[in-house]
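Each chain, letter by letter, is given below.
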Amino acid sequence: MDERAAVMPVNVLEYEAAARAVVPQGLFEFIAGGAEDEVSLRENRAAFGRWRLVPRVMRGVVEPSTATTVLGQPVRLPVLVSPMGLHRLAHPEAECATAAAAKEAGTIFCLSCAASCAIEEVAARAGAWWFQIYLMDDRGLTLELVRRAEAAGAAAISLTVDVPVRGRREADERNRFALPPGTTMPNLLSRVGEADAGNYFALAKWDAAITWADLAWLTASTQLPVVVKGVLAPEDARMAVEHGAMAIQVSNHGGRQLDSAVGALDALPAVVEAVGGDAEVVLDGGVRRGTDVLKALALGARAVLIGRPVLYGLAAAGEEGVARVFDLLRQELVTDMILCGLADVREVPRSLVVPASDHFG
């Protein structure tokens, strides 16, 4: 037997250990870690365990369709790449490899403004892609980044709104986290001097005083649809829609910001109800299995996004590793759909899921 095949991860969860084996400890803990006691990090996974599936049988499903659309963009899989900075910490090919793997998987790649590759470099390798930004204290720089993304072919702008200040990530403090030599955030270099080009904390400073008026300004400044990322409260979801958002990304920032914040899946049903069909709702946080995807879709998400699993796959095997992460999720999703009697991911009923605490006679 091929030794490499023998140790290849057989599910997405196993890629975490594969990545840990090859990424230096301090960098791995930056990728994998959460804020403070990591309650929110754990809750993202735990939330999926609070729901159970109620499959239908004898439905004649043989080849279910995993294709859907997100903001009008066709995708072959309802699993997108969530924005994450600094893919180069995981692999030298960085965001370019991740974007290429997402293209091959037929899904959307979301490029972070804190990427370790330039916008234009990644766009040349990507299929459909979104561009994520924070609102800078220098609105001119924010607008400059939006214009570059538009010119490079982005399909949407994703605005992260849950980082007025950086969450306290204690592993990074213990490790005295710093960017390795040769790694920086090229899209943000104009905000710092040459001496700070490798200073993570100088580069990653956003405007703390953003308000809903700033979202209205952004939506008025671009013809691209705007996704608001980092919403947990239904009231905020409604406000985002009223100020021009076309999609809401339910997220607690992977547990990296406010610790003890509700798990993303726990927040999803109320956000979907508050939006009321006026915007699409997507979710990130804790997705590791095909059944996780189905649970999110049943609770009203249009699609899900994955973050750390992408970086784990990238660390383990570059572009091929990311591609396999998507292949594993696709295989699981197809199997799970057949077992649930579902022919189409666009038609996952709310009745598919019940709280785990429910009991049947």
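These notes cover the structure that comes with them. (Residues numbered from 1 in each chain as written. Predicted model: local features only at pLDDT ≥ 70, side-chain atom pairs only at ≥ 80, totals over all residues. Heavy atoms only, no water.)

1. Structural notes on unusual backbone geometry
Note on backbone geometry: most residues besides glycine have negative phi, and most peptide bonds are trans.
Phase 1 of the analysis: Its identity as a non-glycine residue notwithstanding, Glu36 has a phi of 45°, on the positive side.
Phase 2 of the analysis: Residue position: Glu36 is located in the loop between helix H3 (25–32) and helix H4 (39–48).
Phase 3 of the analysis: In this structure Glu36 comes out as partly exposed when scored by relative accessible area, which is 42%.
Phase 4 of the analysis: A positive phi angle, close to 75°, is found at Ser260, a residue other than glycine.
Phase 5 of the analysis: One can find Ser260 in the loop between strand E9 (247–250) and helix H12 (264–275). (Helix = DSSP H or I, 4+ residues; strand = E, 2+ residues; numbered from the N terminus. Buried < 20%, exposed > 50% of the residue type's maximum accessible area, 1.4 Å probe, protein only.)

2. Describing helix H10 (residues 212–221)
Phase 1 of the analysis: For H10, the full list of buried residues reads Asp214, Leu215, Leu218 and Ser221. Considered in projection along H10, the buried side chains sweep an arc of 125° and stay on one side of the axis. Residues of H10 that are exposed and angled more than 90 degrees away from the buried face: Ala213 and Ala220.
Phase 2 of the analysis: In this structure, the buried side of H10 is in contact with strand E6 (129–133), helix H7 (139–152), strand E7 (156–160), strand E8 (226–231) and helix H11 (234–242). (Arc of directions from axis to C-beta. Contact = heavy atoms within 4.5 Å.)

3. Remarks on the packing of H3 against helix H14 (residues 308–340)
Phase 1 of the analysis: Running from N to C, H3 and H14 cross one another at 155°; their axes reach a closest spacing of 10 Å. By the angle between their axes, H3 is roughly antiparallel relative to H14. Judged by residue contacts, Phe28, Ile31 and Ala32 of H3 engage Arg308, Leu311 and Tyr312 from H14.
Phase 2 of the analysis: When the residues that make up the contact of H3 with H14 are grouped by side-chain class, the tally is five nonpolar, no polar and one charged. (Axes fitted to C-alpha atoms, helices over the stretch in contact; angles between N-to-C directions. Parallel < 35°, antiparallel > 145°, perpendicular 65-115°, else oblique. Nonpolar A, V, L, I, M, F, W, Y, C, P; charged D, E, K, R; others polar.)

4. Let's talk about the pairing of E9
Phase 1 of the analysis: In E9, alternate side chains face the same way, and those of Ala247 and Gln249 on one face and Ile248 and Val250 on the other are all buried.
Phase 2 of the analysis: The pairing of E8 with E9 spans four bridges and is parallel. Across the sheet, residue Lys229 finds its bridge partner in E9, namely Gln249.
Phase 3 of the analysis: Tracing the backbone out of E8, into H11 and back to the parallel element E9 gives a crossover that is right-handed. (Pairing = 2+ DSSP bridges. Right-handed = clockwise from strand over helix to strand, strands pointing away.)

5. With respect to the environment of Phe131
Phase 1 of the analysis: Inspection of the secondary structure puts Phe131 in strand E6.
Phase 2 of the analysis: Sequence separation between Phe131 and Val226 is 95 residues, and the spatial gap between their C-alpha atoms is 9.7 Å.
Phase 3 of the analysis: Not counting residues within four places of it along the chain, the set of residues in contact with Phe131 comprises Cys110, Leu111, Ser112, Cys113, Ile119, Leu145, Ala149, Ala154, Ala156, Ile157 and Ser158.

6. Overview of the pattern of salt bridges
Phase 1 of the analysis: Counted according to the given criterion, the structure contains 16 salt bridges.
Phase 2 of the analysis: In this structure, Arg20 engages Glu16 in a salt bridge whose closest nitrogen and oxygen atoms are separated by 4.0 Å. Highlighted residues: Arg20 and Glu16, both in helix H2 (residues 15–20), separated by four residues, approximately one helical turn.
Phase 3 of the analysis: With a closest N to O distance of 3.0 Å, Glu150 and Arg147 form a salt bridge. Within this pair, Glu150 and its partner Arg147 are both found in helix H7, separated by three residues, close to a single helical turn.
Phase 4 of the analysis: Overall, Glu150 belongs to the partly exposed group, its relative accessible area being 26%.
Phase 5 of the analysis: The exposure class assigned to Arg147 is partly exposed, which follows from its relative accessible area of 37%. (Salt bridge = Lys/Arg side-chain N within 4 Å of Asp/Glu carboxyl O.)

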